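Residue-level structural notes
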Amino acid sequence: PPKIRIPRHLKQTYIRRVGEAINLVIPFQGKPRPELIWTKDGAPIDKNQINIRNSETDTIIFIRKAERSHSGKYDLQVKVEKFVETASIDIRVIDRPGPPQLVKIDDVWGENVALSWTPPRDNGNTAITGYTIQKADKKSMEWFTVIEHYHRTNATITELVIGNEYYFRVFAENMCGLSEDATMTKESAVIAKDGKIYKNPVYEDFDFSEAPMFTQPLVNTYAVAGYNATLNCSVRGNPKPKITWMKNKVAIIDDPRYRMFSNQGVCTLEIRKPSPYDGGTYCCKAVNDLGTVEIECKLEVK
């Protein structure tokens with residue numbers, strides 16, 4: 001008589017994310033060779049969407065890229081003459097949720113704002129596990145996270161800056177991650193304080209000008225022929241110094257064997273696949289309106 005052996009991991013709901021592959025092997029027994037019938041939610045399976053492969057000892061469900069529509073109850077019937085054995089598998093394909101449907105400001109007092117929102121229309125086929133709340137100052141509209149993995153659908157945002165105006169937005173979250181979009185409040189919240197007039201303190205203009213100065217020197221370096229070598233140093237100065245690299249006191253200009261970078265004051269010279277000929281004294285020169293400074297090192301190519 002027929003017997004189906006459902007693997008242990010398929011005895012509870014089998015969960016995959018959208019885009020992942022599904023490949024389930026269900027062993028069975030029965031002689032002579034049984035007849036197998038698969039149905040999904042009581043209807044025949046669409047062979048164009050879901051591949052079923054049968055052998056004498058097992059049957060395989062294969063889906064190359066899972067979609068939400070592949071979720072459902074899959075029933076297997078194994079027949080040998082008048083004997084019939086049945087088994088079921090629950091498959092759930094999940095995705096990131098949609099954003100909350102509505103986010104609104106309920107109250108503003110002192111430095112606090114009370115928010116509330118409604119859960120998303122689309123939960124991604126699995127339970128919502130939390131919400132992430134962000135705030136943005138109206139002047140900059142840069143978003144900063146205030147609360148993460150929050151379970152309720154209302155929250156109080158505290159410690160806001162007096163005199164600023166804020167917008168808020170909320171993302172929904174499930175086991176796949178955050179919703180791609182967030183829902184923003186239509187109105188803004190103005191943090192005003194009654195009777196308190198805030199005066200900006202008066203600061204004297206500070207002169208930030210500074211002659212160039214190396215804060216990290218060049219270091220004598222050994223390179224291996226054929227492997228890229230780099231020389232690094234760091235410089236400060238205001239206005240930003242102009243950097244020139246020299247080899248044996250000759251400026252390096254438009255030479256394809258060298259690449260020069262300058263980022264946040266760190267100056268780098270890359271020597272591409274050096275040969276012994278590239279050895280010598282290298283110098284980095286920094287110039288601005290207030291002065292000039294140079295630093296050098298030796299490079300030896302072995």
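Keep in mind it's a predicted model, so treat the numbers as computed, not measured. Here the residue index of a chain counts from 1 through its sequence in written order. Owing to the predicted nature of the model, reporting of local features is limited to residues with pLDDT of at least 70; listing and counting of side-chain atom pairs is limited to 80 or more, with chain, interface and lining totals taken over all residues. Excluding hydrogens and water, the side-chain values take into account all heavy atoms of the structure.

**Description of the overall build of the protein chain**
Where we set the bar: Starting at the N terminus, helices and strands are each numbered in turn, a helix being any DSSP run of H or I of at least four residues and a strand any DSSP run of E of at least two. Residue exposure (1.4 Å probe, protein chains only): buried if accessible area is under 20% of the type maximum, exposed if over 50%, otherwise partly exposed. We call two residues in contact when some of their heavy atoms are within 4.5 Å. Surface exposure here means Shrake-Rupley accessible area, sampled with a 1.4 Å probe, where a residue is shielded only by the protein chains that are shown. Neither His nor the chain termini are counted; the positive set is Lys and Arg, and the negative set is Asp and Glu. Taken as the charge centre is NZ of Lys, CZ of Arg, CG of Asp or CD of Glu, depending on the residue.
Of the regular secondary structure elements, the protein chain holds 0 helices and 27 strands. A principal-axis box enclosing the C-alpha atoms of the protein chain has dimensions of 100 × 75 × 30 Å. Across the 302 residues that make up the protein chain, the buried fraction comes to 36%. Residue pairs in contact within the protein chain that sit at least 24 positions apart in sequence constitute 62% of those at least 6 positions apart. When the accessible surface of the protein chain is totalled, it reaches about 19100 Å², and 49% of it is carbon and sulfur. Positive and negative side-chain charges in the protein chain, numbering 42 and 38 respectively, have mean positions lying 7 Å apart.

**Let's talk about the sheet that holds strand β8 (residues 72-80)**
Across a sheet, paired strands are connected by hydrogen bonds in the backbone, their directions being either parallel or antiparallel. Definition in use: For two strands to be treated as a pair, DSSP must find at least two bridges joining them.
In space, the 5 strands of this open sheet follow the order β2-β9-β8-β4-β5, with mixed pairing throughout. At either end of the open sheet lies a strand with only one pairing partner, and these are β2 (14-17) and β5 (43-44). Looking at chain direction, β2 and strand β9 (residues 83-94) are connected through 4 bridges and run parallel. The partner of I15 across the bridge, within β9, is R92.

**A word on the UniProt feature "domain: Ig-like" (unreviewed entry) in the protein chain**
Using the following cut-off: UniProt positions are given in the numbering used here, feature names are shortened, and annotations may be inferred rather than shown by experiment.
Listed under "domain: Ig-like" (unreviewed entry) in the UniProt record, and renumbered for this structure, are residues 2-90 and 212-300. The span residues 212-300 shows a helical share of 0% and a strand share of 64%, and its end C-alpha atoms are spaced 28 Å apart.

**Focus on the domain arrangement of the protein chain**
Spelled out, the test is: The split into domains, and so the bounds of each, comes from an automatic or database assignment of domains. Accessible-area loss on putting two parts together, using a 1.4 Å probe and summing over both, is the definition of buried area adopted here. We define a salt bridge as a side-chain nitrogen of Lys or Arg found within 4 Å of a carboxyl oxygen belonging to Asp or Glu.
Each domain of the protein chain was delimited in the assignment, giving domain 1 (3-94), domain 2 (101-191) and domain 3 (210-301). Taken together, the 6 residues of domain 1 in the interface contact 6 residues of domain 2. Each partner contributes to the roughly 600 Å² buried at the junction of domain 1 and domain 2, and carbon and sulfur atoms together form 49% of this total. On the surface where domain 1 and domain 2 come into contact, there are 1 salt bridge.

**Some points on the packing of aromatic side chains**
Threshold: Here the aromatic set is Phe, Tyr and Trp, taking the six-membered ring for Trp, and pairing holds for ring centres within 6.5 Å; pairs whose planes are under 30 degrees apart are stacked, those over 60 apart are edge-to-face, and all others are tilted. Lysine NZ or arginine CZ positioned within 6 Å of the ring centre and within 35 degrees of the ring normal marks a charge as sitting over the ring.
Applying the stated criterion across every chain yields a total of 4 aromatic pairs. Aromatic pair W117 and Y131: ring centres 5.6 Å apart, planes at 65°, arrangement edge-to-face. Linking W117 in strand β11 (residues 112-120) with Y131 in strand β12 (residues 130-137), this pair joins segments that are 14 residues apart in sequence. In this structure, W117 and Y131 share a single accessibility class: buried. Grouping aromatic residues by their ring pairs yields a cluster made of W117, Y131 and Y150. Positioned above the aromatic ring of Y277, the side-chain terminus of K247 is 4.3 Å from the ring centre.

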